[in-house]
Amino acid sequence: MSENEPLLSVRNVEKHFPVTAGLFKKQVAAVKAVDGISFDVFKGETLGLVGESGCGKSTTGRLVTRLLEPTGGSVEFEGRDITHLSQGKLRPLRRDMQMIFQDPYSSLNPRHTVGAIVGAPFRIQGVRTENGVKKAVQDILALVGLNPEHYNRYPHEFSGGQRQRIGIARTLALKPKLIIADEPVSALDVSIQAQVVNLLEDLQKELDLTYVVIAHDLSVVRHISDRVAVMYLGKIVEIADRKRLYSSPMHPYTNALLSAVPVPDPKARKERERIRLKGDVPSPLNPPPACRFHTRCWKAQEICKTVEPPLETLASGHSVACHFPENAPVAAATAGEAGKD
Amino acid sequence: MSFLDVKDLKIHFPTDDGVVKSVDGLTFGLERGQTLGIVGESGSGKSVTSLGILGLHKGGRAKISGEIWLDGEELVSAPAEQVRGLRGKKMAMIFQDPLSSMHPYYTVGHQIIEAYRIHNAVSKQVARKHAVDLLGRVGIPEPGKRVDSYPHEFSGGMRQRAMIAMALSCDPELLIADEPTTALDVTVQAQILDLMRDLQREFNSALIIITHDLGVVAELADDILVMYGGKCVEYGKTDEIFYNPEHPYTWGLLGSMPRLDREPTERLLPIKGSPPSLINVPPGCAFHPRCPYADRTEGRASTEVPDLAPTERGHLVRCHMPRTERRSLWENEIKPVLETQ
Ligand SMILES: Nc1ncnc2c1ncn2[C@@H]1O[C@H](COP(=O)(O)OP(=O)(O)OP(=O)(O)O)[C@@H](O)[C@H]1O
Ligand SMILES: Nc1ncnc2c1ncn2[C@@H]1O[C@H](COP(=O)(O)OP(=O)(O)OP(=O)(O)O)[C@@H](O)[C@H]1O
Ligand code: SF4
Ligand code: SF4
Ligand SMILES: [Mg+2]
Ligand SMILES: [Mg+2]
């Protein structure tokens, strides 16, 4: 992580999807998918974004890459406000910001060869390449661990992990500065997940990439991230460097999340203290007022139902939005990390 | 004889491209009150095995051989009618995808009531009361009201709980859960795993849990069976598989997985290559094209299928490498890397 200016700067960003009804599509409500979030991403770092299904992770990814237009707040990329740029003005920016999607099957056109798929960004953006597009594509294929001879093959001839590599190769074609990876490994087998995680790490070093990795798997996120942001119902409730977040989580929700992860150590199953959350995540159509977690939080007091806790940054750089944060860590994670500070 | 005894089970599918040997000689047993975890690569035959036990391949094109003994009754040779009669009360299954296994047009309650009344000659009112009880037990809030909801009105976690309620409606003696929590968030997963543990304790049923998540099996299973390419490659007590694994594929699984309970490692240790084709299963040891130790077995790796042989400590391993060599590899090379780095 560098101390310099952030590559990406997100301030109070909102996305409220209208819910319409009746003949005239009158708006009757709004899904507050993302409801006022702020964070920075610095050059060369990996920011992990975790949270439960429907909390707004993918929407956040689409907002910062401007595949969606925010309904409030601002997004700055390299110091430039891109919140409401037109599609035309966005086009050159698309080279710099790329997204990797979860599903390696549906995101590749089955009728196109690997060469056509990975080469498409060059053609669309009209980029000239030194020794022709084919050579450039073959270089990228080699970079992601595919064989240059795969150029003329079709997606169905590849395994899941290989297809995810093709998807990654395509995003790398234009040498992006920022990559948003939305659940890049969750559709893959455990053994293949590890290949792709390692590949993402290697490419980051080699090409000086900056990542935002969206995932619900807390172990994968810890492995790959420098800093981690935790979302709940459209809000960021905690951000910290990974060491702090996993060894001394402060938000009650983060504590609950970490303690729920099953640990692959049969002897530990008797000893572990679990925080059990009651109920499901409430609907983003009608989120609970003030602290959104209060309906499930075991520490909730009256104030939690009336005053929204702001995301406050402590001296340690740890940010948390809670009136009564945990300071004595109840981490499920290793004690080892805490000692190293 | 155990409560469930599976002997040399083979389930092969003839297709235009050749015979798919989805399950190829599987043998295992399970007592009442015990939990067996089945883990393995995607496509290794886990789901086909469980559908086979329930008799759901009968009448299809699958070629099935071997024996399945359930409480003294042999099911492979039994007529489809007879096996159908056992479903629900004797054995039940929680399917990988809860949406596809619930009928969208009927209320959740209706489906549980019907399932219950197949085996219990009771009035609709009595069955309805039973359904409400069950929904309450699996943690559905306001079960008296939600019993009349349709599946799409439930969240993913609620649907999965409703599926479990349905599978449990007749107190099955054998419950097979195929990836019961894969689609769920960790906090919901923790609730469901607790629930299955409690129910098993209460009814002393036998439980088979199929998953790719080694954390889940570590929490629940007494025994673990590791599958690769339609065959069992390692089988034994949970502690043995976690603390003294002897098959290179099991080592690979453990090395691929980032863990929250340990210091983060610098790098994951993926298994190279991709899962085998089940039509052209690699000859000899199916794992040999991906195995880093294939050259240690004097060419036998690619010519001779290794036997599933017992170790001194009593678990079963399918590998040509001499036992002493495997032990020393694990103790001196694999385990130290997995545990420290
Ligand atoms: N185009 C849309 N119109 C209306 N609602 C939407 C739209 N896109 C997303 N939502 C809603 O916004 C919320 C956040 O969705 P989002 O896809 O960002 O969640 P997520 O955190 O990525 O979840 P998951 O882990 O399941 O992928 C959800 O309630 C979703 O239903
Ligand atoms: N009806 C069928 N006809 C032909 N092949 C089949 C059939 N059903 C399953 N198979 C094949 O059998 C193999 C084993 O499938 P199975 O569903 O048991 O895998 P699995 O271990 O459950 O994988 P996953 O972890 O992805 O669920 C696969 O290669 C699959 O394509
Ligand atoms: S603000 Fe209150 S309800 Fe919200 S997380 Fe903190 S203690 Fe719980
Ligand atoms: S038999 Fe040979 S190839 Fe197969 S797992 Fe053992 S060492 Fe590896
Ligand atoms: Mg998403
Ligand atoms: Mg399956």
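Residues numbered from 1 in each chain as written. Chains lettered and ligands numbered in written order. Predicted model: local features only at pLDDT ≥ 70, side-chain atom pairs only at ≥ 80, totals over all residues. Heavy atoms only, no water.

Caption draft 1: Up close: the site of ligand 1. Residue and element names in this part refer to chain A. By nearness alone, every residue bordering ligand 1 is listed as Phe17, Val31, Ala33, Ser53, Gly54, Cys55, Gly56, Lys57, Ser58, Thr59 and Pro284. Separating an oxygen atom of ligand 1 from a backbone N or O atom of Gly54 is a distance of 2.7 Å. Within the contact set of ligand 1, an oxygen atom lies 2.8 Å away from a side-chain nitrogen or oxygen of Lys57. A total of 640 Å² of accessible area belongs to ligand 1 in isolation, and the protein chains cover 60% of it. Listing elements by their share of the shell around ligand 1, those giving two or more residues are strand 2 (26-42) and helix 1 (57-64). Take the shell around ligand 1: its biggest share by element is 3 residues, from helix 1. For the shell around ligand 1, a count of residues per class yields 5 nonpolar, 5 polar and 1 charged. (Near = heavy atom within 4 Å. Polar contact = N/O pair within 3.5 Å; in protein donor to acceptor, adjacent residues only side chain to side chain. Areas by Shrake-Rupley, 256 points an atom, 1.4 Å probe, with all protein chains shown as cover. Helix = DSSP H or I, 4+ residues; strand = E, 2+ residues; numbered from the N terminus. Nonpolar A, V, L, I, M, F, W, Y, C, P; charged D, E, K, R; others polar.)

Caption draft 2: Molecular detail of the pattern of salt bridges. By the definition in use, this model includes 41 salt bridges over all chains. Two residues, Asp202 of chain A and Arg267 of chain B, come together in a salt bridge whose shortest N-O distance is 3.0 Å. Pair noted here: Asp202 of chain A is in helix 6 (residues 190-207) and Arg267 of chain B is in the loop between helix 10 (248-256) and strand 11 (308-310), and the two residues belong to different chains. Owing to a relative accessible area of 28%, Asp202 of chain A belongs among the partly exposed residues under this scheme. With a shortest N-O distance of 2.7 Å, Glu326 of chain A and Lys299 of chain A are connected by a salt bridge. Of the two residues, Glu326 of chain A is situated in the loop between strand 12 (319-320) and helix 11 (336-339) and Lys299 of chain A in the loop between helix 9 (252-260) and helix 10 (302-306); the sequence distance between them amounts to 27 residues. (Salt bridge = Lys/Arg side-chain N within 4 Å of Asp/Glu carboxyl O. Buried < 20%, exposed > 50% of the residue type's maximum accessible area, 1.4 Å probe, protein only.)

Caption draft 3: Layout of the sheet that holds strand 8 (residues 206-210) of chain B. All names here are of chain B. Spatially, 8 strands are ordered 6-7-8-3-9-10-12-11 in an open sheet, and the strand pairing comes out mixed. Edge positions in the open sheet fall to strand 6 (91-94) and strand 11, since each of these has one partner strand only. Adjacent strand axes in the sheet meet at a mean angle of 20°, parallel and antiparallel pairs treated alike. Relative to strand 12 (residues 316-318), strand 11 is paired through 3 bridges, and the arrangement is antiparallel. (Pairing = 2+ DSSP bridges. Axes fitted to C-alpha atoms, helices over the stretch in contact; angles between N-to-C directions.)

Caption draft 4: Representation of the packing of aromatic side chains within the structure. All names here are of chain A. Throughout the structure, instances matching the rule amount to 8 aromatic pairs over all chains. Judged by centre distance (5.1 Å) and plane angle (85°), the rings of Tyr232 and Phe293 are edge-to-face. Taken as a pair, Tyr232 in strand 9 (residues 227-232) and Phe293 in the loop between helix 9 and helix 10 lie far apart in primary sequence, 61 residues in all. Phe293 gets classed as buried once you look at its relative accessible area, which sits at 1%. Site record: aromatic cluster; members linked through ring pairs are Tyr232, Tyr253 and Phe293. When the ring centre of Tyr151 is taken as origin, the NZ or CZ atom of Lys134, which lies over that ring, is 5.0 Å away. (Phe/Tyr/Trp six-rings, centres within 6.5 Å; stacked < 30°, edge-to-face > 60°. Lys NZ or Arg CZ within 6 Å of the ring centre and 35° of its normal.)

Caption draft 5: Main features of the site of ligand 2. Residue and element names in this part refer to chain B. Of all residues adjacent to ligand 2, which total 14 residues, the nearest are Ser22, Ser42, Gly43, Lys46 and Ser47. Between an oxygen atom of ligand 2 and a side-chain N or O atom of Ser22, the distance comes to 2.5 Å. Here Val48 contributes a backbone N or O atom positioned 2.8 Å from an oxygen atom of ligand 2. When ligand 2 sits alone it has 640 Å² of accessible area, and the protein chains cover 67% of it. Put simply, the parts of the chain that give the shell around ligand 2 at least two residues each are strand 2 (18-30) and helix 1 (46-53). Ranked by residues supplied to the shell around ligand 2, first place goes to helix 1 with 3 residues.

Caption draft 6: View of the environment of Leu308 of chain B. Residue and element names in this part refer to chain B. For Leu308, the location among the structural elements is in strand 11. For Leu308, a relative accessible area of 25% translates into the label partly exposed. Between the C-alpha atoms of Leu308 and Lys231, which are 77 residues apart in sequence, the distance is 9.6 Å. Not counting residues up to four positions away in its chain, the partners in contact with Leu308 are Cys232, Val233, Leu316, Val317 and Arg318. (Contact = heavy atoms within 4.5 Å.)

Caption draft 7: Just the nonpolar core, in detail. If you look at the biggest cluster of nonpolar residues, it comprises 38 residues, and the most contacted ones within it are Val118, Phe122, Val144, Ile166, Ile168, Leu172 and Leu203 of chain A. Elements represented by at least two residues in this core include exactly helix 3 (114-125), helix 4 (132-143), helix 5 (160-172), strand 7 (178-182), helix 6, strand 8 (210-214) and helix 7 (218-224) of chain A. At 7 residues, helix 6 of chain A tops the list of elements feeding residues into this core. Residues Ile112, Leu134, Phe154 and Ala165 of chain B belong to the second largest nonpolar core, which totals 37 residues. (Core = buried A, V, L, I, M, F, W, Y, C linked by side-chain atoms within 4.5 Å.)

Geometric descriptors of this kind do not, in isolation, establish any biological role.
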